2 protein chains.
Amino acid sequence: MDNRPIGVFDSGIGGLTVLKEIVEQLPGEDVIYFGDTARIPYGTRSRETVIKYSFQCIRFLLSKDIKAIVIACNTASAMALEEAKKVFEIPILGVIEPGANAAVSATKNNKIGVIGTTGTINSEAYQRKIRRIHPNLEVIGISCPLFVPIVEEGWEDSDVANMTAEKYLQELKEHDTDTLVLGCTHYPALRYTIGKVMGDRVTLVNPAYETAQSTKILLKENGLLSEKIDGGKYEFYVSDDPEKFRRIGGNILRKEISTIQKVNIELL
Amino acid sequence: MDNRPIGVFDSGIGGLTVLKEIVEQLPGEDVIYFGDTARIPYGTRSRETVIKYSFQCIRFLLSKDIKAIVIACNTASAMALEEAKKVFEIPILGVIEPGANAAVSATKNNKIGVIGTTGTINSEAYQRKIRRIHPNLEVIGISCPLFVPIVEEGWEDSDVANMTAEKYLQELKEHDTDTLVLGCTHYPALRYTIGKVMGDRVTLVNPAYETAQSTKILLKENGLLSEKIDGGKYEFYVSDDPEKFRRIGGNILRKEISTIQKVNIELL
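Residues numbered from 1 in each chain as written. Chains lettered and ligands numbered in written order. Predicted model: local features only at pLDDT ≥ 70, side-chain atom pairs only at ≥ 80, totals over all residues. Heavy atoms only, no water.

### Structural notes on helix α3 (residues 74-87) of chain A
Three- or four-residue spacings in an α-helix give side chains the same orientation, since the helix completes a turn every 3.6 residues. In this model, α3(A) (14 residues) spans 20 Å end to end at C-alpha, consistent with the 20 Å of a helix rising 1.5 Å per residue. Of all the bends in α3(A), the greatest measures close to 60 degrees and is centred on A:Ala80. (Helix = DSSP H or I, 4+ residues; strand = E, 2+ residues; numbered from the N terminus. Expected span 1.5 Å × (residues − 1). Bend = angle between axes of the 7 residues up to and from the residue.)

Quick look at the structure:
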């Protein structure tokens, strides 16, 4: 048993969808959350830059005496997880592997689609992970850069969202994909619109949910589960002005975020 | 006469629309361009962070022995220009004042619209500047966060662009605005779609064009114009991977960008 907190980081607010699943599935765990809001989005940046930023996030979390790290950002998981595992000794988990495993389990016709930021899709992280589990699967990756600003505008159910989804998902529909990985933490908010465009037969995989499941298994296997059954405590840190994080983050978590501290992440 | 280069910076690629106007209107001037591509976009960041980033860009340009600085980013002009003028001795120009002046000259019914990023609009920089020139003008600012990713997708003339523009510009049409400032360097690419939605009677103001005009006047007044009439040389620096900059930037400038150097801006 280990009552120290889990460290979770993301390029900003989106990773709170992963925290929300951890809160629900591991209600006794304390969590330190860091959102790199000064440098969001990671999705358009080079691999080298994303690795540098991710290592700074990890060094900050390590300064808080945590027992494990969850990379709640698809881009950082895609580009920096393997490198981080080589450098840091603490157990580290990303969102890609849990999402890839769930997609392979769900598909019946062996045709999987993955949508995400340009960085996540171009890294081929989901595609490679899925093919490593099952080499004969057909995987198509589509980057959807308009989806994040659509969610941040609150336009999830608008005509613009619908038409944008039609444009981005056309190729997946033509290929008869039966499983679709929502490979960006903002995308579950578009679940209804994406589901409508893809049709009822298509299974949508939410890596946030799967990652919380995998975190539970990782902690159990390493004897790191908290003794507490509920009453987990949460601390929030960001690298830019906390106000936007407080407002949008409160909506995602469905509870008020009372204390948020600002961190000078560039010096770490 | 002064043959040293002009320094131009932007949060990324968009400021090349300002450089393009400088190349056309001041063909003898050499220019050092810095694009802070590792930390784009500035538009969603806090004032404090934008000032810090802008000062780092200015310190980098000053290391290159320049004679004047053009802030080619609307957000940085809105949030950091006044502070920068207090701290640095070199002549510095932003895009807000030239755009505001042109809008006041153009309006006939005294109703001006301004569109831009959330940071530019919330800073009220255009709105305040316009009201300072002419206190009785009605100014409405609308932030349009989807416009930048639409341009970067190359969807300028799509149904999505059209529907998004209809949604964002509805309020300006209802207020019978006769002049619209394109207050983000990416927006001139949407000029056709925005013009179609707003109608023929509305004048679109491009601050990039106006800024190059003002740069010419600033240099002339300070005896800083180059002796050369044409043959200006251009150097490019960025803070992230140069490849995306080379590709998209070449399209904006309509000429190949051969050499781009990467700078570690965070340490300046």
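Now that the structure has been shown, the text picks up again.
### Let's talk about the pattern of salt bridges
Considering all chains together, one arrives at 30 salt bridges over all chains under this definition. The shortest N-O distance in the salt bridge between A:Arg39 and A:Asp36 comes to 2.9 Å. Per residue, the accessibility class of A:Arg39 equals that of A:Asp36, and both read buried. A salt bridge links B:Lys228 to B:Asp30; its shortest N-O distance comes to 2.6 Å. Placement of the pair is B:Lys228 in the loop between α10 (207-221) and β9 (234-238) and B:Asp30 in the loop between α1 (16-25) and β2 (31-35), with a sequence separation of 198 residues. (Salt bridge = Lys/Arg side-chain N within 4 Å of Asp/Glu carboxyl O. Buried < 20%, exposed > 50% of the residue type's maximum accessible area, 1.4 Å probe, protein only.)

### Thoughts on the side chain of A:Thr177
All names here are of chain A. Relative to the helices and strands, Thr177 resides in the loop between α8 (159-174) and β7 (179-182). Overall, Thr177 belongs to the buried group, its relative accessible area being 3%. At a separation of 3.1 Å, a polar atom in the side chain of Thr177 contacts the main-chain carbonyl oxygen of Leu172. Not counting the four nearest positions on each side in its chain, Thr177 is found in contact with Lys111, Ile112, Gly113, Leu172, Met198 and Val202. (Polar contact = N/O pair within 3.5 Å; in protein donor to acceptor, adjacent residues only side chain to side chain. Contact = heavy atoms within 4.5 Å.)

### Focus on the domain arrangement of chain A
Many structure descriptions define interface size as the accessible area lost when the parts assemble. Residues and elements named next belong to chain A. When its domains are assigned, chain A resolves into domain 1 (6-94 + 209-267) and domain 2 (96-207). Contacts between the two partners involve 20 residues from domain 1, matched on the other side by 20 residues from domain 2. With both chains or domains summed, domain 1 and domain 2 bury close to 1,400 Å², and 53% of this area falls on carbon and sulfur atoms. Its largest share of buried area at the contact with domain 2, domain 1 owes to Asn74, Ala78 and Glu210, together 35% of the area lost on that side. Taken together, domain 1 and domain 2 are joined by zero salt bridges. For the pair domain 1 and domain 2, the interface holds ten residue pairs in polar contact (both at pLDDT 80 or more). Of the residues forming the side of domain 1 that touches domain 2, the biggest block, six residues, is contributed by α3. Here the residues of the side of domain 1 that touches domain 2 sort into five nonpolar, ten polar and five charged. (Domains from an automatic or database assignment. Buried area = accessible area lost by both parts, 1.4 Å probe. Nonpolar A, V, L, I, M, F, W, Y, C, P; charged D, E, K, R; others polar.)

### Considering the pairing of strand β1 (residues 6-10) of chain A
All names here are of chain A. Most of β1 sits inside the fold, with five of its five residues counted as buried. As paired strands, β1 and strand β2 (residues 31-35) are joined by five bridges and run parallel to one another. The residue bridging Val8 from the neighbouring strand is Tyr33, located in β2. As a crossover connection, the stretch from β1 through helix α1 (residues 16-25) into β2 is right-handed. For β1 and strand β3 (residues 68-71), the ladder comprises four bridges, and the chain directions are parallel. Each residue of the ladder has a partner; that of Val8, found in β3, is Val70. (Pairing = 2+ DSSP bridges. Right-handed = clockwise from strand over helix to strand, strands pointing away.)

### Regarding the UniProt feature "binding site: substrate" (unreviewed entry) in chain A
Residue and element names in this part refer to chain A. As annotated in UniProt, the feature "binding site: substrate" (unreviewed entry) corresponds to Asp10, Ser11, Tyr42, Gly43, Asn74, Thr75, Thr185 and His186 in the numbering used here. Despite a sequence span of 177 residues, these residues sit close together in the fold, their greatest C-alpha distance being 13.2 Å. Turning to its location among the elements, Gly43 is positioned in the loop between β2 and α2 (47-62). For Gly43, the residues in contact, after removing those within four places along its chain, are Thr75, Thr117, Thr118 and Gly119. With respect to the secondary-structure elements, Thr75 resides in helix α3. Filtering out sequence-adjacent residues up to four positions away, Thr75 remains in contact with Tyr42, Gly43, Val50, Thr117 and Thr120. (UniProt positions renumbered as here; feature names shortened; annotations may be inferred.)

### Re the UniProt feature "active site" (unreviewed entry) in chain A
Residues and elements named next belong to chain A. When the UniProt feature table is mapped to this numbering, "active site" (unreviewed entry) covers Cys73 and Cys184. These annotated residues cover 112 residues of sequence, and their C-alpha atoms lie no more than 7.4 Å from one another, placing them together at a single site. In this structure Cys73 comes out as buried when scored by relative accessible area, which is 4%. Leaving out residues up to four positions away in the same chain, Cys73 has contacts with Phe9, Asp10, Ser11, Tyr42 and Val95. Relative to the helices and strands, Cys184 resides in the loop between β7 and α9 (191-198). You can call Cys184 buried: its relative accessible area is 7%. Leave out the neighbours within four places in its chain, and Cys184 touches Asn74, Ile115, Gly116, Thr117 and Val148.

### Examining the sheet that holds strand β4 (residues 92-93) of chain A
All names here are of chain A. Overall, parallel pairing links the six strands, which are arranged β4-β3-β1-β2-β9-β10 in an open sheet. Every other strand in the sheet has two partners, leaving β4 and β10 (260-262) as the edge strands with one partner each. Pairing of β2 with strand β9 (residues 234-238), which is carried by five bridges, proceeds in the parallel orientation. Along β9, the bridge assignment pairs Tyr33 with Phe236. Lying over the sheet, α2 contacts β1, β2, β3, β4 and β9, oriented at roughly 150 degrees with respect to β1. (Axes fitted to C-alpha atoms, helices over the stretch in contact; angles between N-to-C directions.)

### Here's the deal with the sheet that holds β2(B)
Hydrogen bonds between backbone groups are what pair the strands of a sheet, and the pairing can be parallel or antiparallel. Residue and element names in this part refer to chain B. With parallel pairing, six strands are arranged side by side in an open sheet as β4-β3-β1-β2-β9-β10. Every other strand in the sheet has two partners, leaving β4 (92-93) and β10 (260-262) as the edge strands with one partner each. Strand contacts of helix α2 (residues 47-62): β1 (6-10), β2, β3 (68-71), β4 and β9, with the helix running at about 150 degrees to β1, the strand carrying the most contacts.

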